[in-house]
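# Topology and contacts: notes
Residue strings, one per chain:
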Amino acid sequence: MLVEVPRRSRRFRRPTEGVTSTSGGRESSTPSRPSPPAPAGGSSRGGSTGVPPRADGTPRGVAAERAATPPRAAAGKAGPAAAGAKIREGAATRSEPAATRSTTATPTATTDRPTTDEAPVTDEALVTDEALVTPAGPATNGQDRAAGGPGRGGTLDSQVPGAAGGGPGARVLPRPPADRRRVLKKMALTASALGVVLALLSLPFVGAVGLFAKGSADHFLGLPNELITPPLPQSSTILASDGSVIATLRGAENRIVVPGSDIPKIMREAIVSIEDARFYEHGGVDPQGVVRAALRNSEAGGVAQGGSTLTQQYVKNVLLQNARTTQEREVAAGDSLDRKIQELRYALDIEKRFSKDEILERYLNIAYFDDGAYGVGTAAEHYFGVPISRVTLEQAALLAGLVQSPSRYNPAAHPQAATVRRNTVLDKMAENEYISPTQADAAKQMPLNVVPAPPPAADSCETSTAPFFCDYVRSQLRASPALGTTVEERNRRIYEGGLVIRTTLDPLVQQAAQDAVSSTIAPDNRVSATEVVIQPGTGNILAMAVNRVYGSNTGLNQTVLPLPTNATFQPGSTFKTFVLATAIEQGYGTSTAFYSPSCYVSPKFPLDRGEGDCAKGFSNSDPAEAGIYDIPRGTWDSVNTFYVQLAEKTGIGPVLEMAKRLGVVPPKADKIGPTDGATAIGGGQYMYVSPLQMADAYATIAGGGLRCAPRFATGAMDSSKDPIDIARPPQCEQVLAKGVADTVTSVLAGVPINGTGTNAAIGRPSAGKTGTTDEYSAAWYIGFTPQMTAAVSVGDPTGAEAHPLRNVVADGRTWPRVFGGDLPAIIWGKSMRAALANQPVVALPGADPTVARGTKGGLQNTPPPPPAPTPAAGLGDTLQNLGQQLLPGVFGQPQARSAPLGGQNGTQPTTPNGQNGGGSQNGGGQPNGGQNGQNQGGR
């Protein structure tokens, strides 16, 4: 059955007075209404709001006034339209006069159908203004939108007999002979397209009788009438504690969803002009556009123009988004009849559920703009380096032009094509009266000014301002059950869930640490330097810095190894702090002393290296180190044989348990036995730790024995602004008595003043411990103030034992050997001076007098007898030799004297003249006296 539909003008004008019209003998009046304001993030359900005005300020929109259409010149008998059409805008309705039409077929009765919840719209009122089947009379406003305006070809006027003049009363000219087959083909295609649209629009009320096959109608009605619109996949953002962006975790789709209030009016006008000029007038499906596209495509012999509205384009993108398999994606992207029917069905539903501005906002956030940029907000940042709220007219036009063919019009790859396309959009905006022709011409003269885009990174953390911290946060998210029960589900939420994670990282502290490690040991050095900073009392991770570029190009000395969290190096003498804490907790006072020879063969910790001067024992860093040491001096000078003997008293098991309580568990700690004495001085084949663990443990001591688990986030939410349970309050537990922790602190406070860590002195109270592993395979300094704790490790991550710290070029010199008091202490001092620059000076706690006194103390072993005097020696020489053995400090022996009890509160006793602190480091950190190497730990 052939159907003719009434004409309707494509352009409407909003009335300034009430409009009264007669339709079917009834008069209706609708008062004028002011133009709605520009949208701010979308409006409530029920009609379109925020229809942009014309460039001259006059209102426009679906409720606008339109002039009555003159009757057509009939080729046969003519008849008036039987009824007016009611068009809804917002909650208001209006009656409009039906255009006089002529027909050669029996007039089809019209039936009202609701396009929204509030007001019905007749089928005739929704279809195009051209005479489609029985051309009679001139067609008006029939230009092809995609062709650039009237007179550019593609108008229905050129197809219809009697349309030569384009206006009422135009003279009908003789038509030249035509290819009948081609004409019939066009008419059939046109009728089919219009029939499908009319059928789909009419189905809910009049079915598909005579217009659509019953099977298709049943299929249409059987489809779900509500499109599932889950949140758009969008990138997740990691923020620093001050709200600045640390990193953006991008998945397959690089998208940051922006609210409608951020999308400027000029951007909305640009996309409507070029993609769907009747967007604010149709109900989701534009019959006029479908017919126009059908005619153009029939002329071209292929797909030259699409008839989809912005609503339909949004539906198609959602269907693609919801597809989970390759087959589902192919179906969603295809042009099958089933898919088209589904798209139309959902488009009608979308128009009922959302306002026009909400649909436009959703479309602009889902659309693809090439170069991996999804959504207009991401595209603005990508191409112009500005937020979408700040785009200019010419920039908005360029972005709007991209969506038709993103790769073809990519301004970076094809600037000439992009410029032509942009200018076409500007012409359309002027044609639709959003801007003036003068504005369009001026915008055309502007250069593209596209910012150069960096090459896409395979890893989102590569472009982070704190890449190793970014990697740590990501690993914690992947392990969080709050983001899903499977790894796949968690990864999808991390990269596509639009998460916002506010972290504990302090940008000032991070920059201080990064500057310190990179300026001391260059990024291209074979030796790595890693620093982790934690806040005592909260566990907040303030910084993670490595002197390497985060990346996979090993040829450029890049690395993705998580050096801050990997147990890459042995801790050396920094592990002695756990022996110290265990001994003090067990009642050993700070007066506890041992005669500590340069080589000590332990009866409890057997050792046999098979070679060397001390093959079966533990040796000191300096063979001249021998004498009586108490706890403070043995700690300040990091005397190995002192700590091995102290561990004999405490036991290795309790030491490992103490380390665990404070936060340090070597990955293979279960393999460490009770006779492994190397553990006491941070050595052994199973003794490897991470900087994060060591910083955590020392922060527990700095916090008075209160251990707060390392914490990376203070808040997190998903794209719906719902909180995610990955950012818990500080998880703290008192694992060590405050008196014990404070007494340990008082001992460690002497290391940067009188001990091996003088390079770490920062001009304010601090405490710490140096560490140097066997054969200089790694070096450490871990220290703290009341506000911050930092662990610094230095070594060759490609193999510390195979590539020891010898002849290292760093910090402007060559280091024959690197001790913990050298480069690590220098890095710690640099970073803490900068990080604490704006922090108040806070004193360290003093030793608890009762704990420091202890229940056990004094000399715990018997020094060996003095050597027999030579015959020439007199009584005075004999007494001198005996005094040197028993009281070396008093008789000038170059060893440290026992420090007095209770003198550890930030002011340390000075050594008498003639003493050098048992090999304490000066300036560059090299001990006085020769070095024969060290065994299983050291300074």
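Bear in mind the structure is a predicted one, so any value in this text is a computation, not a measurement. (Residues numbered from 1 in each chain as written. Predicted model: local features only at pLDDT ≥ 70, side-chain atom pairs only at ≥ 80, totals over all residues. Heavy atoms only, no water.)

## Focus: the overall build of the protein
Broken down by element type, the protein carries 26 helices and 29 strands. Buried residues in the protein amount to 54% of all 939 residues. Surface accessibility of the protein: about 37800 Å² in total, with carbon and sulfur atoms responsible for 54%. (Helix = DSSP H or I, 4+ residues; strand = E, 2+ residues; numbered from the N terminus. Buried < 20%, exposed > 50% of the residue type's maximum accessible area, 1.4 Å probe, protein only. Areas by Shrake-Rupley, 256 points an atom, 1.4 Å probe, with all protein chains shown as cover.)

## Quick notes on the packing of aromatic side chains
By the definition in use, this model includes nine aromatic pairs. Geometrically, the ring pair formed by Phe575 and Phe578 is edge-to-face, given 4.8 Å between the ring centres and 80° between the ring planes. Site record: aromatic cluster; members linked through ring pairs are Phe594, Phe642 and Tyr643. In this structure, Lys356 is placed above the aromatic ring of Phe279, and the distance from its NZ or CZ to the ring centre is 4.5 Å. (Phe/Tyr/Trp six-rings, centres within 6.5 Å; stacked < 30°, edge-to-face > 60°. Lys NZ or Arg CZ within 6 Å of the ring centre and 35° of its normal.)

## Brief notes about helix 11 (residues 393-402)
Taken across its 10 residues, helix 11 has 10 buried, putting it largely inside the fold. If you check which residues of helix 11 are buried, you get Leu393, Glu394, Gln395, Ala396, Ala397, Leu398, Leu399, Ala400, Gly401 and Leu402. Looking at the packing, one finds that the buried side of helix 11 touches helix 4 (265-275), helix 10 (376-384), helix 12 (415-431) and helix 13 (437-444). (Contact = heavy atoms within 4.5 Å.)

## Structural notes on the pattern of salt bridges
For the structure shown, the criterion picks out 21 salt bridges. Between Arg278 and Asp286 there is a salt bridge whose closest N-O contact spans 2.9 Å. For Arg278, a relative accessible area of 3% corresponds to the buried category. The partner of Arg806 in a salt bridge is Glu775, and the shortest N-O contact between them spans 3.4 Å. Of this pair, Arg806 sits in strand 26 (residues 806-810) while Glu775 sits in the loop between strand 23 (767-772) and strand 24 (778-784), placing them 31 residues apart in sequence. When salt bridges with common partners are traced through the structure, they connect Arg278, Glu281 and Asp286 into a single cluster. (Salt bridge = Lys/Arg side-chain N within 4 Å of Asp/Glu carboxyl O.)

## Some words on the confidence of the model for the protein
Per-residue confidence for the protein gives a mean pLDDT of 77; residues scoring 70 or more make up 66%. Overall, residues 1-51 carries pLDDT values under 50, and its contacts beyond four positions in sequence, including any with other chains, amount to 168 contacts. Here residues 199-214 is modelled with pLDDT under 50, and outside its nearest four sequence neighbours on either side it reaches 30 contacts, counting other chains as well. (pLDDT = per-residue confidence, 0-100.)

## Re the side chain of Glu343
By secondary structure assignment, the location of Glu343 is in helix 8 (residues 337-353). You can call Glu343 buried: its relative accessible area is 1%. Sequence-distant contacts of Glu343, defined by excluding residues within four places in its chain, comprise Ser308, Gln312, Val315 and Lys316.

## Looking at the sheet that holds strand 25 (residues 789-795)
What links the strands of a sheet is backbone hydrogen bonding, and the strands pair in either a parallel or an antiparallel sense. Strand order across the open sheet formed by five strands is 15-14-25-24-23, with antiparallel pairing between neighbours. One side of each edge strand has no neighbouring strand; the edge strands of this open sheet are strand 15 (541-546) and strand 23. Strand-to-strand twist of the sheet, defined as the mean angle between neighbouring strand axes without regard to direction, takes the value 5°. Sheet topology places strand 23 next to strand 24; six bridges connect them, and they run antiparallel. (Pairing = 2+ DSSP bridges. Axes fitted to C-alpha atoms, helices over the stretch in contact; angles between N-to-C directions.)

## Re the sheet that holds strand 13 (residues 500-503)
Taken together, four strands build an open sheet; the order of strands is 10-9-13-21 and the sheet is mixed. Sheet topology places strand 10 (245-249) and strand 21 (713-717) at the edges, where each strand pairs with a single neighbour. On average, each strand axis in the sheet is tilted by 15° relative to the strand beside it, whichever way the strands run. In terms of strand pairing, strand 9 (residues 236-239) meets strand 13 through three bridges, oriented parallel. Bridge pairing links Leu239 to Arg502 in strand 13. Sitting on the sheet, helix 14 (residues 467-478) is in contact with strand 9, strand 10 and strand 13, with an inclination near 50° to strand 10.

## Quick word on the pairing of strand 25
When you tally the buried positions in strand 25, you get seven out of seven residues, the bulk of the element. Because side chains alternate across strand 25, one face comprises the buried residues Thr789, Ala791, Ser793 and Gly795, and the other comprises Ala790, Val792 and Val794, equally buried. Pairing between strand 24 and strand 25: seven bridges, direction antiparallel. By the bridge assignment for strand 25, Phe784 is matched with Thr789. Linking strand 24 to strand 25, which pair antiparallel, is a turn of four residues.

## Considering the environment of Asp286
Among the secondary structure elements, Asp286 is positioned in the loop between helix 4 and helix 5 (287-300). A relative accessible area of 4% means that Asp286 is categorised as buried. Measuring from C-alpha to C-alpha, the distance between Asp286 and Gln312 comes to 9.7 Å, with 26 residues separating the pair along the chain. What Asp286 contacts, discounting residues up to four positions off in sequence, is Arg278 and Thr309. Within the structure, Asp286 has its side chain in polar contact with the side chain of Arg278 (distance 2.9 Å). (Polar contact = N/O pair within 3.5 Å; in protein donor to acceptor, adjacent residues only side chain to side chain.)

## What about the nonpolar core?
Grouped together as the largest cluster of nonpolar side chains are 127 residues, with contacts concentrated most on Phe469, Phe578, Met694 and Met832. Examining the composition of this core, we find that eight residues originate from one element, helix 21 (residues 691-702), more than from any other. The contacts of Phe469, once residues within four sequence positions are left out, are Ile246, Thr503, Thr504, Leu505, Ile541, Met544 and Phe712. (Core = buried A, V, L, I, M, F, W, Y, C linked by side-chain atoms within 4.5 Å.)

## Quick word on the state of the cysteines
This structure, assessed with the given rule, holds three disulfides. Paired by a disulfide, Cys599 and Cys614 hold their sulfur atoms 1.8 Å apart. On the S-S bond that ties Cys599 to Cys614, the torsion sits near 80°, and the link is right-handed. With Cys599 in strand 17 (residues 599-600) and Cys614 in the loop between strand 17 and strand 18 (618-619), the pair connects residues that are 15 residues apart, well separated along the chain. (Disulfide = S-S within 2.5 Å.)

## Quick notes on the pairing of strand 9
The alternating pattern of strand 9 places Ser236 and Ile238 and Thr237 and Leu239 on opposite faces, both of which are buried. Looking at chain direction, strand 9 and strand 10 are connected through four bridges and run antiparallel. Note on strand 10: the bridge partner recorded for Leu239 is Val245. Remark: five residues form the turn of the hairpin made by strand 9 and strand 10, two consecutive strands paired antiparallel; Gly243 in that turn has positive phi of roughly 90°.

## Focus on the environment of Ile826
Here Ile826 is to be found in helix 24 (residues 823-835). Each C-alpha atom, one on Ile826 and one on Asn759, is 5.4 Å from the other, the two residues being 67 residues apart in sequence. Look past the residues within four positions of Ile826 in its chain and what remains in contact with it is Thr520, Asn759, Asp811 and Trp815.

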